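Okay, here's what each chain looks like letter by letter:
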Amino acid sequence: MAKFQERFNAKMKEWYESEYSSIKLFTTEYQRMLAYLWACSEARKSEENILEIKEFGSANRKAIGDSNYDQLLRNRDYCCGCGETYRLENLGICVECDNLFCYRCNRKRCGCNGEVVG
């Protein structure tokens, strides 16, 4: 199991055990965004507990807030493959090492074997 998936599952378990306390969600907006994107990715469709995963992912997204989420996606960053700059909304993000990939360099797995979402 990947490290991000382990962290996600641990936080999700804490969140459910705390009866949905917002303090048990991921702490930074970036981590919350990754949790949301990871929970909604195609790879999750085969998970047995998909409803719980999506609920926890959505709670993290909701904690960011609509305007903050939109602002986060408007930030510009570099593709680690070609060096071009794009808005974050147009980059794939590795959940393990935070490498960013544009549409030309995009892949399902990063060189670190982490899943690329977004």
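Everything discussed here concerns the structure shown above.
Since this is a predicted model, take the numbers as computed values, not measurements.

Asker: Help me understand the layout of surface pockets, please; the structure alone is not making it clear to me.
Answerer: Taken as a whole, the largest pocket spans an internal volume of roughly 290 Å³. Taken together, 13 residues make up the lining of the largest pocket; nearest its centre are Ser 41, Glu 42, Lys 108, Glu 115 and Val 116.

Asker: In this structure, what is going on with the packing of helix α1 (residues 3–17) against helix α2 (residues 29–39)? I would like to understand it.
Answerer: The description of two packed helices rests on the angle between their axes and on the distance between the axes. At a closest axis distance of 11 Å, the pairing of α1 and α2 adopts a crossing angle of 100°. Taken together, α1 and α2 sit at an angle that is classed as roughly perpendicular. Contacts between α1 and α2 pair Phe 4, Gln 5 and Phe 8 from the former with Leu 34, Ala 35, Trp 38 and Ala 39 from the latter. Classifying every residue of the contact of α1 with α2 by side-chain character gives six nonpolar, one polar and no charged.

Asker: How do you make sense of the packing of α1 against helix α3 (residues 50–64) when you look at a structure like this?
Answerer: Where α1 contacts α3, the axes come no closer than 10 Å and their chain directions differ by 85°. Considered as vectors, α1 and α3 are oriented roughly perpendicular to each other. Contacts between α1 and α3 involve Phe 8, Lys 11, Met 12, Trp 15 and Tyr 16 from the first element and Glu 52, Ile 53, Glu 55, Phe 56, Gly 57 and Ala 59 from the second. For the contact of α1 with α3, the residue count by class is seven nonpolar, one polar and three charged.

Asker: Honestly, the packing of aromatic side chains in this entry has me stumped. Any pointers?
Answerer: Each aromatic ring pair is specified by the distance between its two centres and by the angle formed by the two planes. The final tally for this structure, using the stated rule, is 13 aromatic pairs. Between Phe 4 and Trp 38 the ring centres are 5.6 Å apart and the planes differ by 65°, which places this aromatic pair in the edge-to-face class. Taken as a pair, Phe 4 in helix α1 and Trp 38 in helix α2 lie far apart in primary sequence, 34 residues in all. Both residues of the pair, Phe 4 and Trp 38, count as buried. Geometrically, the ring pair formed by Phe 8 and Phe 26 is tilted, given 6.5 Å between the ring centres and 35° between the ring planes. You can see Phe 8 sitting in helix α1 and its partner Phe 26 sitting in the loop between α1 and α2, a full 18 residues away along the chain. With respect to class, Phe 8 is no different from Phe 26; both count as buried.

Asker: Explain the nonpolar core to me, please; I cannot follow it from the model alone.
Answerer: A general feature of soluble globular proteins is that nonpolar side chains tend to end up buried together. In terms of nonpolar packing, the biggest core is built from 33 residues, with Phe 8, Met 33, Trp 38, Phe 56, Leu 88, Leu 91 and Ile 93 touching the most fellow members. When residues of this core are traced back to their parent elements, those giving at least two are α1, α2, α3, α4 (66–74), β3 (92–94), β4 (100–101) and β5 (116–117). It is α2 that contributes the most residues to this core, six residues altogether. Residues in contact with Leu 88, not counting those within four places in the same chain, are Tyr 30, Met 33, Leu 72, Leu 73, Asn 75, Ile 93 and Leu 100.

Asker: Sorry if this is basic, but what is going on with the side chain of Gln 5 here?
Answerer: If you trace the backbone, Gln 5 turns up in helix α1. Look past the residues within four positions of Gln 5 in its chain and what remains in contact with it is Trp 38, Glu 47 and Glu 96.

Cut-off values and rules
Residues numbered from 1 in each chain as written. Predicted model: local features only at pLDDT ≥ 70, side-chain atom pairs only at ≥ 80, totals over all residues. Heavy atoms only, no water. 1 Å grid on protein atoms, 1.4 Å probe; cavity = no way out; pocket = protein on both sides within 12 Å on 5 of 7 lines; lining within 4 Å. Points joined across faces, edges and corners; volume = space filled by probe spheres on them. Axes fitted to C-alpha atoms, helices over the stretch in contact; angles between N-to-C directions. Helix = DSSP H or I, 4+ residues; strand = E, 2+ residues; numbered from the N terminus. Parallel < 35°, antiparallel > 145°, perpendicular 65-115°, else oblique. Contact = heavy atoms within 4.5 Å. Nonpolar A, V, L, I, M, F, W, Y, C, P; charged D, E, K, R; others polar. Phe/Tyr/Trp six-rings, centres within 6.5 Å; stacked < 30°, edge-to-face > 60°. Buried < 20%, exposed > 50% of the residue type's maximum accessible area, 1.4 Å probe, protein only. Core = buried A, V, L, I, M, F, W, Y, C linked by side-chain atoms within 4.5 Å.

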